[in-house]
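Structural characterization, general
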Amino acid sequence: MSIYYELILHAPEAHLFEVTLTINCPDPEGQVLWLPTWIPGSYLIREFSRHIVTIFAESEGRPINISKLDKYRWHIAPCLGVLKVHYTVYAFDCSVRGAYLDQTRGLVNGSAIFLAVAGQEQSECILAIKRPEEKAYENWEVATSLMPGKETQEWHFGLYTATNYDEFIDHPIAMGALTKVDFIACGIPHHIVLLGRHYADRERLQRDIGKICEAQIRFFGLPAPFNRYLFLILIVSQGYGGLEHRNASALICSQDDLPFSHDQETRPAYQEFLGLVSHEYFHAWNVKRIKPAAFAPYDLAQENYTRLLWAFEGVTSYYDDLFLVRVGLLSPQDYLDKLAHMLTQFHRCAGRKKQSLEEASFDAWIKFYRQDENSINTQVSYYIQGALVALCLDLLIRKESCHSLDTVMRALWQRYGLNFQTTGQGLGEQEWEQIAQEVTGQDLSYFFSQALRHTAEWPIFELLPQLLQAFGIEIQLRQQTGQHDKGGWLAKTGQTPATLGIRTCTENGLVKLTHVFDGSAAQIAGLSPGDILSSINRCRITDQNLDTVLKRYPLETEVEIHAFRQDELIVFHARLMPALNNTWGLRLVEGDFPIRHAWLNGKSDH
Ligand code: ZN
């Protein structure tokens with residue numbers, strides 16, 4: 001028996017959706033309804049139920065008692081006939097993770113809007129999206145990867161279906177005046193939908209994203225695991241990110257992240273955006289179908305713990321930019337610069353000495369997704385460190401055998417992903433490592449133990465540089481030249497700069513300390529995140545001149561710093577330290593390196 005949902009754009013100016021849920025056969029003992037507390041792909045308890053404003057139930061025209069059981073569940077008193085539940089949802093989360101509605105556009109993630117019917121989660125879900133009657137909405141269309149009903153034309157308001165609740169909430173829905181760009185990759189129709197004002201070069205998007213999709217489908221093997229794919233791109237003034245779904249990606253970016261038709265070359269912001277596209281698309285295989293057992297199925301009531309997030313987010317982060325190189329959208333040297341930035345980020349994070357990669361995965365819910373000013377000193381990113389471990393593993397396997405990480409990914413796909421829909425089977429916590437060793441015929445146990453379960457720096461600081469050299473890549477480890485130095489090769493390294501060991505931002509024209517690194521001159525002097533820097537040796541400090549002012553003094557100089565904490569002006573005395581040797585540069589060694597060529601071109605054997 002199907003479950004019916006009717007979605008009404010109740011009051012866009014007040015950001016309210018109205019939903020009517022119709023249950024033909026409610027539980028005779030009383031029906032329980034629930035709403036997910038989190039959205040898969042974003043590992044944080046978000047308590048979506050807090051946005052439900054009003055709710056009431058009726059059966060055959062008579063009101064039925066409804067009461068709250070806990071933070072995410074409701075109980076409806078027993079009734080004999082068809083049960084209807086009407087509720088309103090406040091939708092003002094302009095991200096890819098929740099729900100948003102105003103007079104210009106709407107975005108719905110089912111996890112944030114559609115109540116599940118306890119005991120009937122396997123029933124078919126039928127959604128009717130109602131077109132608003134006002135003239136202002138007459139050019140609105142609907143973009144979703146949900147299956148349209150027989151009578152519903154693509155891009156139209158109307159009926160959409162999903163075979164069960166899990167599938168229902170895995171298809172984002174966008175509404176508004178849409179820009180649509182279509183292409184075919186390996187025979188599969190793909191749609192890029194832009195929502196919001198933009199100046200994007202549509203042909204460029206079509207061509208570049210098409211290349212990425214073709215390459216990834218071929219990487220895992222034809223046919224693609226979907227028969228249609230949708231990229232929903234939400235354009236905002238500031239914001240960046242994405243969320244993966246089984247047949248879609250929801251992306252958020254600014255107008256300037258997209259290519260302009262007059263662009264002579266690929267701007268770095270667009271390169272980043274293509275990396276994001278590549279990342280979310282790769283997830284259609286790695287995490288949406290090859291999954292940790294902890295996510296098969298998802299428990300949407302609470303945290304789902306796994307030590308494997310590095311394998312799903314880190315490995316995906318490794319492949320996202322690598323695919324750009326393989327399809328010619330990123331030059332090998334630009335790719336090495338990106339790797340150097342990652343190595344630098346990892347090196348500067350003191351958290352690497354305190355948290356292992358498995359711990360970072362497990363604690364994503366309370367740490368990575370809830371970062372604060374001290375996170376750089378206490379935790380690692382399973383994206384960055386995970387990608388570096390994946391790089392190291394790939395090079396290690398390639399150097400020692402005719403296999404690669406590609407071999408491992410394809411084996412995981414064949415064993416788990418390909419048949420996930422029928423088996424529902426996810427990877428046990430140890431299985432990723434077992435399969436990697438089995439298919440490559442290599443004993444990687446020491447590598448995995450060091451890279452995943454220890455805070456030892458051996459894999460990244462010792463093994464990886466050796467491997468990179470074997471692949472024809474030159475390494476530079478140098479001092480940070482200033483707080484805006486993200487890493488990359490420097491032809492001239494110059495004199496040792498002095499540093500306070502801080503990161504700052506400008507807020508209302510004032511220089512605010514955002515981070516104070518462990519053991520830094522600033523920390524020893526007593527400065528804290530949140531302090532407003534006013535002067536150094538009575539010379540006014542701005543975000544732009546901080547590095548220049550520090551260059552006036554030799555190392556070990558004691559400087560007087562005036563800073564506000566709350567409203568109080570405090571004087572600190574800091575002894576300037578030499579900048580740490582924590583900045584990496586990578587450069588291609590000239591010459592023919594078949595092993596490097598095979599790696600960057602996606603060939604396992606060399
Ligand atoms: Zn991801």
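Right above here is the structure, for reference.
Residues numbered from 1 in each chain as written. Predicted model: local features only at pLDDT ≥ 70, side-chain atom pairs only at ≥ 80, totals over all residues. Heavy atoms only, no water.

**Some details on the pattern of salt bridges**
A full pass over the atoms with the stated rule returns 28 salt bridges. We note a salt bridge from E400 to K399, for which the minimum N-O separation is 3.9 Å. Residue classification places E400 among the partly exposed positions, given a relative accessible area of 48%. Exposure remark for K399: the relative accessible area of 42% places this residue in the partly exposed category. In the salt-bridge network here, residues are joined through shared partners; they are D166, D170, R246 and K288. (Salt bridge = Lys/Arg side-chain N within 4 Å of Asp/Glu carboxyl O. Buried < 20%, exposed > 50% of the residue type's maximum accessible area, 1.4 Å probe, protein only.)

**Regarding the sheet that holds strand β19 (residues 229–235)**
Ordered by their spatial adjacency, five strands build an open sheet running β17-β18-β19-β21-β20, and the pairing between neighbours is mixed. The open sheet is flanked by β17 (178–185) and β20 (241–244), the only strands paired with a single partner. Strand after strand, the sheet turns through a mean of 15 degrees between neighbouring axes, direction not considered. Bridge count for strand β18 (residues 188–195) against β19 is six bridges, and the pairing is parallel. Within β19, the position partnered with L195 by the bridge is L234. Those strands touched by helix α4 (residues 268–282) are β18, β19, β20 and β21 (248–253), and its axis lies near 155 degrees from that of β21. (Pairing = 2+ DSSP bridges. Helix = DSSP H or I, 4+ residues; strand = E, 2+ residues; numbered from the N terminus. Axes fitted to C-alpha atoms, helices over the stretch in contact; angles between N-to-C directions. Contact = heavy atoms within 4.5 Å.)

**Section: helix α6 (residues 332–348)**
With 17 residues, α6 should reach 24 Å at 1.5 Å per residue; the first-to-last C-alpha distance of 24 Å fits that figure. Where α6 is concerned, the buried positions are Y335, L336, K338, L339, A340, M342, L343, T344, F346, H347 and R348. (Expected span 1.5 Å × (residues − 1).)

**Regarding unusual backbone geometry**
For residues other than glycine, phi is negative in most cases, and the peptide bonds are mostly trans. In this chain, L222 is followed by P223 through a cis amide linkage whose omega measures -5 degrees. Tracing the chain through its elements places P223 in the loop between α3 (202–220) and β19. Across the junction of A296 and P297, the peptide omega takes the value 0 degrees, indicating a cis bond. Mapped onto the fold, P297 is located in the loop between α4 and α5 (309–326). Phi at V287 is positive, roughly 125 degrees, even though this residue is not glycine. By relative accessible area, which is 1% here, V287 ends up buried.

What is shown is where atoms sit, not what they do.
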